[in-house]
Amino acid sequence: MAREVRCKTVEEPSRVALAKTHAATPSFKNKTASGSHLSNVHLCISSSCFLSGAGQDVGRSCILVSIGGKNIMLDCGMHMGFNDDRRFPDFSYITQQGRLTEFLDCVIISHFHLDHCGALPYMSEMVGYDGPIYMTHPTKAICPILLEDFRKITVDKKGETNFFTSQMIKDCMKKVVPLNLHQTVQVDDELEIKAYYAGHVLGAAMVQIKVGSESVVYTGDYNMTPDRHLGAAWIDKCRPDILISESTYATTIRDSKRCRERDFLKKVHETVERGGKVLIPVFALGRAQELCILLETFWERMNMKAPIYFSTGLTEKANHYYKLFITWTNQKIRKTFVQRNMFEFKHIKAFDRSYADNPGPMVVFATPGMLHAGQSLQIFKKWAGNEKNMIIMPGYCVQGTIGHKILNGQKKLEMENRQTISNGQSEIERCEPGCCCLSLEVKLQVEYMSFSAHADAKGIMQLIRMAEPRNMLLVHGEAKKMEFLKDKIEQEFTINCFMPANGETTTVITNPSVPVDISLNLLKREMALGGPLPDPKKPRTMHGTLIMKDNSLRLVSPEQALKELGLNEHQLRFTCRVQLQDPHSDPDTLSRIYTHLKSVLKGYTIQHLPDGTVMVESIVIKVSSSAEEPNTKVLLLSWSYQDEDLGSFLSTLLKKGLPSGLSSM
Amino acid sequence: SYNTSKPLPQEEAPAKKLRLTKPSKSAALHIDLCKASNPTDALQYLLHFARSSVEAESVEGVVRILLEHYYKEQDNSVRLKIASLIGLLSKTQNFNPESILDDTLNTFNTEKSHQVLAQLLDTLLVIGTQLPESLIVRHRLIEVAYKHLSDTYFGVRNKCLQLLGCLGNVDTPLNKDGQGLVPAVIGDAQSLISDYFADQDPRVRTAAIKAMLQLHERGLKIQQTIYDQACQLLCDDYEQVRSAAVQMVWVLSQLYPESIVPIPSSNEQVRLVDDSFGKISHMVSDGSWVVRVQAAKTLGNMLQVSPHFLEQTLDKKLMSDLRRKRTAHERAKELYASGEFSSGRKWADDAPKEKVDTSAVNLIASGACGAFVHGLEDEMYEVRIAAVDALSALAQSSASFAEKCLDFLVDMFNDEIEEVRLQSIHVLRQISTNITLREDQLDTVLAVLEDSSRDIREALHELLCFTNVSTKECIQLALLELLKNLTKYPTDRNSVWKCLKFLGCRHPTLVLPLVPELLSTHPYFHTPEPDMDDPAYIAVLVLVFNAAQSCPTMTALFSDHTFRHYTYLRDSLSHLVPPLRLPGRTQAPGVSGIEGSGSVESAQLFLQQSLSRISTIHNLQDPGAQDLLNFTIRDLQRLGELQTELAGAADFSATYLRCQLLLTKALQEKLWTMAVPLCLKHNAMATAAAKQMLEETYKLEFLYSGLENRQVATIHHVRLQAKALQLVLTARTRRGVEPLISVCEKFLQEVESFQRLFVVELPHLQESFVGKLLDLSPKLSACKPGELVKILQTTLRQSGFLNLQLPKQVQRASATIIEPTGESDNPLRFTSGLVVALDIDATLEHVQDPHNTVKVQVLYPDGQSHVIQPKPGDFRSPGPHRHRLITQVYLSHSAWTEACQIEVRLLLAYSSSRLCKAVWSDSSTEGLQPAEGATEGTIPFGKPVKVFIMPKPARR
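This structure is a prediction, so every number in the text was calculated from the model and none was measured.

What counts, and at which threshold
Residues numbered from 1 in each chain as written. Chains lettered and ligands numbered in written order. Predicted model: local features only at pLDDT ≥ 70, side-chain atom pairs only at ≥ 80, totals over all residues. Heavy atoms only, no water. Helix = DSSP H or I, 4+ residues; strand = E, 2+ residues; numbered from the N terminus. Buried < 20%, exposed > 50% of the residue type's maximum accessible area, 1.4 Å probe, protein only. Contact = heavy atoms within 4.5 Å. Areas by Shrake-Rupley, 256 points an atom, 1.4 Å probe, with all protein chains shown as cover. Pairing = 2+ DSSP bridges. Salt bridge = Lys/Arg side-chain N within 4 Å of Asp/Glu carboxyl O. Expected span 1.5 Å × (residues − 1).

Peer 1: So, the overall build of chain B: which residues are in play, and what are the values?
Peer 2: Secondary structure assignment for chain B yields 42 helices and 15 strands. The burial tally for chain B puts 52% of its 956 residues in the buried class. Sequence separation of 24 or more characterises 73% of the internal contacts of chain B that already satisfy a separation of 6 or more. Per element, the accessible surface of chain B, about 44600 Å² overall, is 53% carbon and sulfur.

Structure representation (structure tokens):
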């Protein structure tokens, strides 16, 4: 058997499928090397380890993503626990010397908490980065206030040198490009980003980063249950390749917030009614506003008269922004602000130090939240002796702080007798061991109310259900807890879940679709072959020619391809000879073959032509016998390339010979 | 008429078309369309044409002209407009759209544009829905729909599905062979539609589901086989599809609640209704709030769900750091059970206890888990309200669920949106028959009593009226909080008292041990007598007396002054203090008649007796009749005050009798025997009586609800009497005949319309004034004014007394202005010429349709008055037959030298024409349009309130 190739050129019709590309090595350090359709998403959480054990979100967030050849830095946070170099991410991982600009396409900041934006001026001004920095409008407004406060404490109070200056913060903020919710921003021709609402704090956003058909969603910190001033995080079914989610509460399912609120209000109400004073130590931004709204509306509803004070400082400026960015708050505040902006507090007034000694009931919000210094500590010292009073700790307290001690039921406190110099509005300030101690008896009631604004385990799962990612990546949490959530995610959604350690890189291979232009005529022709009902769910095979030219892919009909390429059409035919032992004459053999094929190949058109050939579809069969051996017939089969399947089937069939019981007709 | 409509195509017009061509519209349109040089012009003409109306006779002609242009027109938008116009025209009243069906169907043969096709299908839909009976038409339309189902444009597919949904065969296909008119495929619209559940366009998917729902609504039994498909659609990418799918799943769950469906990836099976309940519960945490609202609402309609699944909706397993945690609700319950309820909670007493088995924790809410917990916490208040409503519906059908959802509802009392708070209070009231509040729950409920919103407080009082509590401490707690409420908001007085009345009634045994403490009696010492005017003391007494009603031993604990106070309160606040059987005490003699037994039945009896006593009067001129009337009116008035249930009926009768009394008095005046010139002075009294009678009749007719035709006839009869009296008086005072003629004519017209309106009632009116008048009626219309007056005068005197038949239930409309109270001495100051807003808060009872009838009148000291119509949104309906008006009226006046009082009152506007239509449209045989003699006016009701205002001169 021989195959005879009659023609030379072969126009191979190809089946269009989504081409699978293969993983290439991550190319973070060399941006130019990244190819056109490299589809690995490269992530690393910048160096050194988490502060574990504290269990709080004080770690610094900084994630580098490489997607479709673009390098993006997500958040640029600092660590509150260190006072040395370790407080900032190690940018030398990206480049040993020189500026970062050429290695990063953009920087995205999710919200204004310092563990997400604290290192920003350091990175942009001191290490050097001139590219765009993206953040939402409220974040852009509030972020510099916090940075400036942070700088003041570090430099002015603690006297550190080699720190960023006010001017640097200003310069840094000039590089910021504001984002609107759901607005798609084109960073460059290929890279686009889009912000989603995240709850958590004012202006917090989740970001979708997209290059071509590959995408990553970074959540930052988010909250899936609405509170008194912010709504719940929301994202559409964007099906990213990776969802990078925080997992602070990976192993917690929280109770309904209504119970917490009710308890809080009841406690405050009862204390005020019996003439006691309530102290609520808070962080200046975020929870404080929620509690303010809660108390303000309660006062309004219940027609209460006792004064509520808020210790001044940062807060006034911040409240101003809360008033401005009404669109970022929850439904109630958004709907009623025309009548009255909820942040224009009627009952909450600015606090003055002298008020603490006023008789009668009052409620005071004072910073800092952990009761380690400043105004909250001063007031606490004044009020601690009276059992009518109450202190409500609305957040977590780090070990060693007074807040932590009293929460654990300590009734006698040893205090350093330091005449507090600071006016203490800052969170960052930490109490230092003093010299002279004095003991304080704690008689007031101590209550703990958790008002955290992170998604709990159920919330995280809910977000995954909303976004339907293909892979999951957990950050911003403790390894042990993440392990549990990881198992759950893999089990419930059957997707891969990663939890990289600091400095570790995770690579995910994606399956990007390659867009191909198809000619309309070809599409219509192929459509006409299908049934009446278009079925989008089923992939369909079609014939055409793929032309790759000038960085574009087109699918056209073979004829057009030939025309465009200026080539002649050639046909490829296979011919094969089969020898057969048959005593009949040639025409008889042919008719026997005809009968045989007819019985075997039902449903095919088989013709016995008068010129001595049998045609099966387009396959031609001829019979000839050699002169020497009349019983040995030679069958000549010839088929075109398209009928290869049928052709080879026939040749095998005929090789087996004809069955004996065949009549020659 | 043919000539004027010349443009009609003669060559192709068969004769019957000519009949239709009323020249005007169609011709003008045709000319316009011919004139139009470009599509924009044509479109303008069509738009213009669409604004005018077309008579039923000329519709067919117009459609033909439109179609003619349709075929000529190249531009898609013009053709589209024409298609939509045809749809509009087919809706013309009295027009049978079947006549244009063929022509419309023909257009499909040539149409190429998808948009126009969609519009044409829409037109078919309009035509088809107007001819629901014609099976042939429906089949033809469905055929068209089927043909275009595979169109590539989503709009066309949409409309086709809509057509199938609205017109598809609902009955099982009769001829299964697919013979004749009904091809098999048309018979089975269901499977055809379900094919499009998987369409690539979300809009088509939505349309397919909606079409299926439409079929269901039209009575088709949807097959269970599509359940799986519908469930898959719940995960669709598009919210409108998911929302519709929720409905679809619900419909199926109602059709096949007991079918068994397998749970995927396990061998277990569940009832279909439970399965779908789980799936819809899942949707409560959907990404789109529209779907969440839909899902939450739907849950409320799934009453057949198994209790096991139902209770899961309130379940949310808490954990902290992988340790199981109890919810605050569970902790509260335990604390309560351990008797440590009041102790303050400490940090970490919610500390997690046992370790959680990690594999057992189900993070993603599978099934119904925690659906309501999520729904009630939702960001959008629409979802929360829907969830509260659903809870209510489910709790009403299941007592155990009601018990469980109590905590959650109570939590909702703290919601940030008042509407939600209010709704949850209402819901708790609705389910309160099923539950008993625990002390800690009651504590939370009572905390809301301090709310500054009156709505909320009143709703809460209402709730407390229906609440069952378990211990005497609860009663004490409730009383304490209510008294606190009373001191904080003194205006709540009545509401609080009422609340305590019911609280006492419901829990006599719980109140009993509290009595000594409540009344501060002491076994040895006399305690000072409390102040009888103290609202708080009255509140306590109301509670105790109502409890004592069913607890006879309680009275033994009363001290002397308590009995005295009882007598006083029984008289002054009879609606709050029940009659008590007091040992050794006799009732005051004056009131023994009715009050003795105090029951409604005896009062009813008394009412009947009084009325039947009156009925012994045959003629009002009888001696003694006046006295009898006088006494009866007095009795009835007193009865009305004592027995609130009968107040309406008693007032109604009294007013009626007063009218009769007035008439009698007027007729007995000496003036009738006097010479005309001398009687001017006496005349004044009779005229006033006539006028008052007239006013009273309007009150009778419009202020009372529950009147039947019979009573209305009686009222109208009195009105005729009053008018006759007026007429007679006019005749005696006025000189000249001219004005009299028109007055007489008017009167006769009224008699006539009375006759027409009350044909049914006439037999009962034989002996009455009208009856006698009608006997003379042929003569009346012919006679001169002078004669008529004479006839009227004698008939008035001779006619018998018309007995009043009371209907079953008569209620008097009443209004109370709560705000402003009229007690303030501080004038409302404002700059003259500018406006000041005055807040008005009033409750209305038994007012029908207050949005249209109730108005606010402001009377200034100078006699100026303004009538203000409140906005419909200012009315709320807190209970049956009850409305609350909370509005603002704007005052303004020129400057005054000192503060002065203005009067604010509520008016009930009436219009006889409106009511006539409403009452008699069903009883009358022919379509009565009582346009003639429609009187409009207003009746002041409720006490007016005085407000101090002080417009200051503007400072320059």
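Peer 1: Can you lay out the pairing of strand β27 (residues 606-609) of chain A for me, pointing to particular residues and giving the numbers?
Peer 2: All names here are of chain A. Alignment of β27 against strand β28 (residues 613-616), held across four bridges, turns out to be antiparallel. Note on β28: the bridge partner recorded for H608 is V614. Taken together, β27 and the strand that follows it, β28, pair antiparallel across an intervening segment of three residues, in which G612 is found at a positive phi of about 85°.

Peer 1: How would you sum up the pattern of salt bridges? Please name residues and give values.
Peer 2: Pairs can form between side chains of opposite charge once their charged atoms are near each other. All names here are of chain A. Counted by the stated rule, this structure contains 64 salt bridges over all chains. In this structure, the salt-bridge partner of E296 is R340, at a minimum N-O distance of 2.6 Å. Here the residue E296 occupies a position in helix α6 (residues 287-302), and R340 occupies one in the loop between α8 (331-336) and β14 (348-350), the gap between them amounting to 44 residues. Given a relative accessible area of 23%, R340 falls into the partly exposed group. Its salt-bridge partner being K382, residue D357 comes within 3.8 Å of it at the nearest N-O pair. Residue D357 is found in the loop between β14 and β15 (362-366), and its partner K382 is found in helix α9 (residues 374-383); the two are separated by 25 residues along the sequence. Overlapping salt bridges bring together R99, E125, D130 and K175 as one network.

Peer 1: Account for helix α9 (residues 154-167) of chain B, with residues named and values stated.
Peer 2: Along an α-helix, residues three or four positions apart point the same way, because every turn accommodates 3.6 residues. Residue and element names in this part refer to chain B. Helix length check: α9 (14 residues) gives 20 Å between terminal C-alpha atoms against 20 Å at 1.5 Å per residue, within 8%. A large share of α9 lies buried, amounting to eleven of its 14 residues. Three or more residues of α9 are buried, namely G155, V156, R157, N158, C160, L161, L163, L164, G165, C166 and L167. The inward-facing, buried residues of α9 contact α7 (114-130), α8 (135-148), α11 (189-195) and α12 (202-217).

Purely spatial values, then, with no claim about function.
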